[in-house]
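# Architecture at a glance
Chain by chain, the residues:
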Amino acid sequence: MAIEILMPALSPTMEEGVLSKWLVDEGDAIVSGDILAEIETDKATMEIESVDEGVIGKILVPAGSQNVKVNQVIAILLEDGETMDDVDEASIGKANPDKVEVKPVTDPVADTQIADSTSVPESNPALTDTIAVELAADTKMTPTTVRDALRDAMAEEMRSDDDVFLMGEEVAEYQGAYKVSREMLDEFGARRVVDTPITEHGFAGLAVGAAFAGLKPIVEFMTFNFAMQAMDHIINSAAKTRYMSGGQMSCPIVFRGPNGAASRVGAQHSQDYAPWYGHVPGLIVIAPYDAADAKGLLKAAIRNPNPVVFLEHELMYGEVFDVPDVDDWVVPIGKALVRREGVDATITAHSRMVGFSLQAAEILAAEGISVEVIDLRTIRPLDEETILSSVRKTNRLVTVEESWGRMGIGAEIAALVTAGAFDYLDAPPKRVHQVEAPLAYAANLEALAMPSPERIAEAVRGACYV
Amino acid sequence: MTQQKNGNKTGFFVPEPPARPGERPDFSNIDCSAPGAVPMPAIDCAAQKTHEFAGGLIRVLDDKGHADGPWDPALNMDELVEMLRLMGLTRAYDERMFKLQRQGKMSFYMKSLGEEAVAVAAAKALDDEDMVFPSYRQQGILFARGRDMVDMMCHCISNSRDNLKGRQLPVHYTWKEGSFFSISGNLCTQFPQAVGWAMASAAKGESAIAASWIGDGTTAEGDFHSALTLASVYKAPVILNVVNNQWAISSFAGIAGGDQASFAARGIGYGLPTLRVDGNDALAVYAATKWAAKRARSGHGATLIETVTYRGESHSTSDDPGKYRPMDEWKSWPLGDPLERLKAHLIGLGAWDKKRHEKMLSEQAETVRLAYKEAESFGTLREGPLSPTASIFDDVYVEQPWHIRRQRQDLGV
């Protein structure tokens with residue numbers, strides 16, 4: 001049966017492209033791995049490799065065609081013994097059970113259309129319409145540290161877009177305080193991997209100015225604790241200038257670095273700033289847990305035209321997770337992930353606390369309590385629908401975060417759930433968070449102050465009245 | 001506070017200006033070099049070679065309007081008359097807008113009286129593609145770059161034609177087509193941002209440079225110091241201007257340390273060449289800016305320029321200078337009035353006369369009057385129409401995300 005060759009997507013956000021050149025002619029016999037054609041977008045070019053073997057029966061989209069839609073049939077590959085007479089040309093491009101749908105990933109922040117204000121949506125359309133990255137069952141996975149996943153994300157984006165560059169303290173020669181920019185100076189040179197003087201406020205301002213000039217800076221803070229000094233540029237300039245300038249000025253920038261507590265580094269190096277940045281309109285705030293999300297979300301952040309605060313975790317850098325070995329792994333911003341399904345209670349968490357929550361779920365499973373664990377992934381915009389639909393199912397909520405509780409992420413989610421799923425709640429929401437003191441240095445005090453799997457499990461037991 | 005014990009010489013000290021209300025103005029602390037006395041350094045000179053410029057004052061025009069010395073930019077008559085016209089227009093605009101604020105036509109205004117040369121002459125010395133990051137007292141740049149006056153007024157009264165859609169207080173202009181960055185209400189943020197913009201331009205291989213302006217008081221901000229470090233370290237093609245107009249509302253330049261060392265002198269410590277310029281001498285401002293622009297464009301990096309001037313009016317419409325400085329202090333200002341000095345220069349050249357000057361001023365006053373009338377045809381602050389309410393959530397993000405759209409729907413706009 002003839003095989004339809006489809007216009008591939010170079011990236012999850014690509015909708016159409018140019019078919020610049022055919023490297024095969026009608027009648028050519030090809031085998032898997034042969035290069036069929038070249039396609040391009042304004043950002044990159046790519047060769048299309050054949051995944052099947054056969055004879056090119058017909059080229060449907062000539063070389064040089066502009067605006068070729070992703071998934072449009074561009075050629076027919078005939079199998080052994082077939083001719084074009086065997087192909088019903090009227091059915092080309094129609095439903096075909098053999099055709100593999102590769103749906104483009106849409107970024108809910110970037111791609112949302114403005115709806116008619118008279119049609120108030122029942123649920124969140126941007127999120128429910130989002131098509132998660134669907135991986136083929138045989139997708140190869142590569143065990144990768146979070147550190148390298150972040151590096152790979154930056155390197156891939158810098159290869160495909162010359163406007164992207166990295167700057168920060170010790171990012172070049174020293175390859176980053178946590179080696180996240182390993183080998184990047186070698187590959188990209190000093191123009192695109194830039195060491196800065198020790199002035200978070202100064203180099204954040206410099207980067208914001210470069211973004212206003214049309215570049216796409218990635219600013220590494222050695223830790224987000226030091227970014228306190230840069231708050232004015234992040235909030236008063238990066239987040240607000242588009243609005244204040246009537247939309248004239250644009251600030252495409254990513255501020256990234258470790259956030260939250262490490263091991264015994266004291267109060268000034270241990271704070272989780274998710275609620276601080278999550279408070280600010282104009283910013284996008286991301287806090288990934290595993291390596292696949294670290295890579296896919298950082299790539300999405302770099303491509304996003306808005307200022308993004310990307311909160312990493314020092315204690316996760318060395319953790320190894322599977323990362324899909326695909327050409328362009330991008331995870332949509334604004335979509336939470338149900339890491340574990342359950343029916344008795346919902347836990348929400350971000351960053352390292354996702355791992356603690358999954359451990360707590362294991363403890364509770366042994367006790368017969370089935371917990372659903374939601375990895376928030378994006379703090380702003382928060383995926384409200386995933387949280388609400390989970391609580392409507394489990395009827396109980398426990399929020400987990402590293403930061404202090406008052407005015408925190410958990411407070412926000414508890415308010416969201418009481419407003420949006422009040423009638424479904426069987427118990428008051430519970431919050432797990434750091435105790436309200438600056439984090440102490442000594443290991444015993446630090447452990448006492450921070451959430452732990454057991455403390456999370458205890459909160460779930462409380463919410464379940466057991 | 002406890003009394004200091006005998007012999008304690010630690011000397012708690014807060015500086016005071018030479019004169020407060022009721023006292024005689026005293027500008028003996030202003031170090032004025034004679035016009036033509038300060039040489040012009042080599043375009044690639046090291047910062048350390050500019051010590052004499054940190055203390056001296058680059059001047060071209062003497063008190064009678066005669067031009068002299070190595071800094072005379074030798075502009076032609078048309079260029080000189082154009083600068084005069086732009087300075088006059090800026091003053092006429094400020095004058096009327098200030099009065100209109102007093103009549104409740106807008107909430108707030110800030111004049112640049114006495115500082116017109118700082119903005120107009122610098123703008124004329126730059127290319128129109130050069131990105132400017134001004135403070136709130138360089139509206140002269142807008143006129144020099146040909147911004148429509150009606151548009152400026154529509155912004156100040158937040159009407160339906162305000163290009164900032166009702167989101168910024170008056171005077172805080174943004175004009176992207178004119179390469180004029182958004183005025184920041186947080187002082188000095190524009191300094192490191194200008195450095196970053198300039199570096200980005202260089203990284204892209206473009207020839208445009210950046211220029212930024214702050215006031216004397218703002219040099220105390222951390223941003224000033226980081227910007228100078230960054231501009232020096234990366235040899236950024238940027239011009240960093242400190243407009244020393246003697247006053248930051250009621251605190252004088254000495255509160256920012258200006259009476260201990262000149263603001264220009266700060267550049268040398270960071271490795272930036274520095275120029276100190278008579279800010280009321282349009283030709284000197286033009287020449288110094290041209291020098292710094294040439295230096296930046298030829299790859300020698302940034303320059304710090306202190307323009308010495310005097311704030312002729314209140315800080316803004318919200319303060320009364322009669323409460324904190326001698327009422328007639330501006331009349332004693334040793335560097336005079338920039339408009340009068342350029343006028344005298346043109347008259348001396350035989351290119352201008354008092355009659356033509358009077359005619360120009362009255363025509364400009366009429367231009368401004370008619371422009372405001374036209375601006376009000378697009379709405380007034382009190383009666384509207386104002387910026388459309390439906391746009392309140394526009395431009396928070398590039399595209400309106402679902403959670404913002406939902407808030408707009410909840411708000412019913």
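In every chain, residue numbers begin from 1 and rise along the written sequence. Chains carry letters from A onward and ligands carry numbers from 1 onward, assigned in written order. For this predicted model, a pLDDT threshold of at least 70 governs which residues receive local features, and a threshold of 80 or more governs which side-chain atom pairs are given and counted, while totals over whole chains, interfaces and linings are taken from all residues. Side-chain numbers here rest on the full set of heavy atoms in the structure, without hydrogens or water.

### Some points on the overall build of chain A
The condition is simple: A run of H or I in DSSP becomes a helix once it reaches four residues, and a run of E becomes a strand once it reaches two; helices and strands are each numbered from the N terminus. Each residue gets one of three labels from its accessible area relative to the maximum for its type: buried under 20%, exposed over 50%, partly exposed in between, using a 1.4 Å probe on protein chains only. A contact between two residues is defined here by any heavy atoms of the two lying within 4.5 Å. For the accessible areas, the method is Shrake-Rupley and the probe is 1.4 Å, while residue cover comes only from the protein chains on display.
Summing up its helical and strand segments, chain A has 14 helices and 22 strands in all. Burial status across chain A gives 55% buried among its 466 residues. A sequence separation of at least 24 residues applies to 76% of the contacts in chain A between residues at least 6 apart. If you sum the accessible surface of chain A, you get close to 19,100 Å²; carbon and sulfur atoms cover 51% of it.

### A look at the sheet that holds strand 5 (residues 45–49) of chain A
The strands making up a sheet associate through hydrogen bonds between their backbones, and the pairing can be parallel or antiparallel. Residue and element names in this part refer to chain A. Spelled out, the test is: Note on pairing: two strands pair once DSSP finds at least 2 bridges between them. Each axis is a line fitted through C-alpha atoms, and for a helix only the stretch in contact is used; angles between axes span 0 to 180 degrees, taken between their N-to-C directions.
Across the sheet, which stays open at both edges, the four strands sit in the order 5-4-2-7 with antiparallel pairing between neighbours. Either end of the sheet is taken by a strand with one partner, and the two such strands are strand 5 and strand 7 (65–69). Strand-to-strand, the axes of this sheet are offset by a mean angle of 40°, without reference to chain direction. The pairing of strand 4 (residues 35–40) with strand 5 spans five bridges and is antiparallel. Its bridge partner lying in strand 5, Ile-35 is registered against Glu-49.

### Quick look at the interface of chain B and chain A
How we decide: Buried area counts how much accessible surface, traced with a 1.4 Å probe, disappears from two parts once they are put together, with both parts' losses summed. Any carboxyl oxygen of Asp or Glu within 4 Å of a side-chain nitrogen of Lys or Arg constitutes a salt bridge here.
Every contact between the two is made by 46 residues of chain B and, on the other side, 57 residues of chain A. Carbon and sulfur atoms make up 61% of the area that chain B and chain A hide from each other, which totals about 4,200 Å². If you sort the residues of chain B by the area they bury against chain A, Tyr-397, Trp-402 and Arg-405 of chain B come out on top, with a joint share of 17%. On inspection of chain B and its partner chain A, the count reaches one salt bridge. Between Glu-384 of chain A and Arg-406 of chain B there is a salt bridge, with the nearest N and O atoms lying 3.4 Å from each other.

### Some words on the pattern of salt bridges
According to the stated counting rule, one finds 53 salt bridges over all chains in the structure shown. A salt bridge links Arg-20 of chain B to Glu-16 of chain B, with the shortest nitrogen-to-oxygen separation between them at 3.0 Å.

### A few points about the sheet that holds strand 1 (residues 3–6) of chain A
All names here are of chain A. What the four strands build is an open sheet, ordered 1-8-6-3; its pairing is antiparallel. Each having just a single partner strand, strand 1 and strand 3 (29–30) make up the two edges of the open sheet. With four bridges joining them, strand 6 (residues 54–59) and strand 8 (residues 73–78) adopt antiparallel strand pairing. Directly across from Val-55, in strand 8, lies its bridge partner Leu-78.

### Let's talk about the packing of aromatic side chains
Residues and elements named next belong to chain B. Inclusion rule: Each pair of aromatic rings taken from Phe, Tyr and Trp, with Trp reduced to its six-membered ring, is defined by centres within 6.5 Å and is described as stacked if the planes are under 30 degrees apart, edge-to-face if over 60, and tilted in the remaining cases.
Within the structure shown, the criterion is met by 16 aromatic pairs over all chains. Taking 5.9 Å as the distance between ring centres and 85° as the angle between the ring planes, the aromatic pair formed by Phe-27 and Tyr-310 counts as edge-to-face. Here Phe-27 is found in the segment before helix 1 (51–55), whereas its partner Tyr-310 is found in the loop between strand 7 (303–308) and helix 10 (338–348), with 283 residues between them in sequence. When the centroid spacing of 6.0 Å and the interplanar angle of 25° are considered together, the rings of Phe-191 and Phe-224 count as stacked. Placement of Phe-191 in helix 6 (residues 190–203) and of Phe-224 in helix 7 (residues 222–233) is noted, with a sequence separation of 33 residues between them.

### Describing unusual backbone geometry
For the bond from Arg-380 of chain A to Pro-381 of chain A, the omega torsion is 0°, close enough to zero to count as cis. Assignment of secondary structure puts Pro-381 of chain A in the loop between strand 20 (378–380) and helix 11 (384–394). Cis rather than trans, the peptide bond between Gly-384 of chain B and Pro-385 of chain B has omega equal to 0°. As for its position among the elements, Pro-385 of chain B is in the loop between helix 11 (354–376) and helix 12 (402–411). Positive phi values are uncommon outside glycine, yet Ala-74 of chain B reaches one of about 50°. For Ala-74 of chain B, the location among the structural elements is in the loop between helix 1 and helix 2 (77–102). Ala-74 of chain B gets classed as exposed once you look at its relative accessible area, which sits at 63%. A positive phi angle, near 45°, is found at Ile-249 of chain B, a position not held by glycine. With respect to the helices and strands, the residue Ile-249 of chain B is situated in the loop between strand 4 (247–248) and strand 5 (251–252). On the accessibility criterion, Ile-249 of chain B (38% relative accessible area) is partly exposed.

### Comments concerning the packing of helix 3 (residues 116–125) of chain B against helix 9 (residues 282–297) of chain B
Residue and element names in this part refer to chain B. What counts here: Under this scheme an angle from 65 to 115 degrees is roughly perpendicular, one under 35 degrees roughly parallel, and one over 145 degrees roughly antiparallel; angles in between are oblique. Note on convention: near helix rotated counterclockwise from far helix by under a right angle means a left-handed crossing. Clockwise means right-handed. Polar here means any residue other than Ala, Val, Leu, Ile, Met, Phe, Trp, Tyr, Cys and Pro, which are nonpolar, and Asp, Glu, Lys and Arg, which are charged; Gly is therefore polar.
Relative orientation of the contacting elements helix 3 and helix 9 amounts to 45°, with a least axis distance of 8 Å. On the basis of the axis angle, helix 3 is oblique to helix 9. The handedness of the crossing between helix 3 and helix 9 is right-handed. Of the residues in helix 9, those in contact with Ala-117, Val-118, Ala-121, Ala-122, Lys-124 and Ala-125 of helix 3 are Ala-282, Val-285, Tyr-286, Thr-289 and Lys-290. Partitioning the contact of helix 3 with helix 9 into residue classes produces eight nonpolar, one polar and two charged.

### Some points on the layout of surface pockets
For clarity, the threshold we go by: A pocket here means an open set of points on a 1 Å grid, computed over the protein atoms alone, that has protein on both sides within 12 Å along at least five of seven lines. A cavity is instead a set of points where a 1.4 Å probe fits but cannot get out; residues with an atom within 4 Å of a point line either one. Grid points are joined across faces, edges and corners, and a volume is the space filled by probe spheres set on the points.
Estimates place the volume of the second largest pocket at around 720 Å³. Residue lining of the second largest pocket: 27 residues in total, with Gly-278, His-279, Arg-380, Leu-382 and Glu-412 of chain A positioned closest to the centre. Going through the elements one at a time, helix 8 (274–278), strand 20, strand 21 (397–404) and helix 12 (409–420) of chain A together with helix 12 of chain B are the ones with two or more residues in the lining of the second largest pocket. Here the residues of the lining of the second largest pocket sort into 13 nonpolar, seven polar and seven charged.

### Focus: helix 2 of chain B
Given 3.6 residues per helical turn, the α-helix brings residues three or four places apart onto the same face. Residue and element names in this part refer to chain B. Short version of the rule: The span you would expect from a helix comes to 1.5 Å times its residue count less one. Pairs of N or O atoms are called polar contacts if they sit within 3.5 Å, as long as, within protein, a hydrogen donor faces a hydrogen acceptor (for residues adjacent in sequence, only side-chain-to-side-chain pairs).
Given a rise of 1.5 Å per residue, 26 residues ought to cover 38 Å, and the 38 Å separating the end C-alpha atoms of helix 2 matches this to within 8%. The residue sitting at the N-terminus of helix 2 and contributing the capping side-chain oxygen is Asn-76; that oxygen lies 3.1 Å from the backbone nitrogen of Asp-78. Looking at the residues trailing helix 2, positive phi occurs at Gly-104, about 80°.

### Points about the environment of Gly-27 of chain A
By the element assignment, Gly-27 of chain A lies in the loop between strand 2 (16–22) and strand 3. In contact with Gly-27 of chain A, not counting residues within four places along its chain, are Val-55 and Ile-56 of chain A.

### Points about a nonpolar patch on the surface
Residues and elements named next belong to chain B. This is how the line gets drawn: Each patch is built from residues lacking any salt bridge and having more than 30% relative accessible area; the joining distance is 9 Å for like charges and 5 Å for nonpolar side chains (Val, Leu, Ile, Met, Phe, Trp, Tyr).
Residues Phe-12, Val-14 and Ile-255 make up a contiguous nonpolar surface patch of roughly 330 Å² in combined accessible area. Here Val-14 is to be found in the segment before helix 1. Take Val-14: its relative accessible area is 48%, and that puts it in the partly exposed class.

### A closer look at the packing of helix 10 (residues 352–366) of chain A against helix 14 (residues 453–463) of chain A
All names here are of chain A. Across the interface, helix 10 lies against helix 14 with an axial gap of 8 Å and an inter-helix angle of 60°. By the angle class used here, helix 10 and helix 14 are oblique. In terms of crossing hand, the pair formed by helix 10 and helix 14 is right-handed. Of the residues in helix 14, those touching helix 10 at Phe-356, Ser-357, Gln-359, Ala-360, Ile-363 and Leu-364 are Pro-453, Glu-454, Ile-456, Ala-457, Val-460 and Arg-461.

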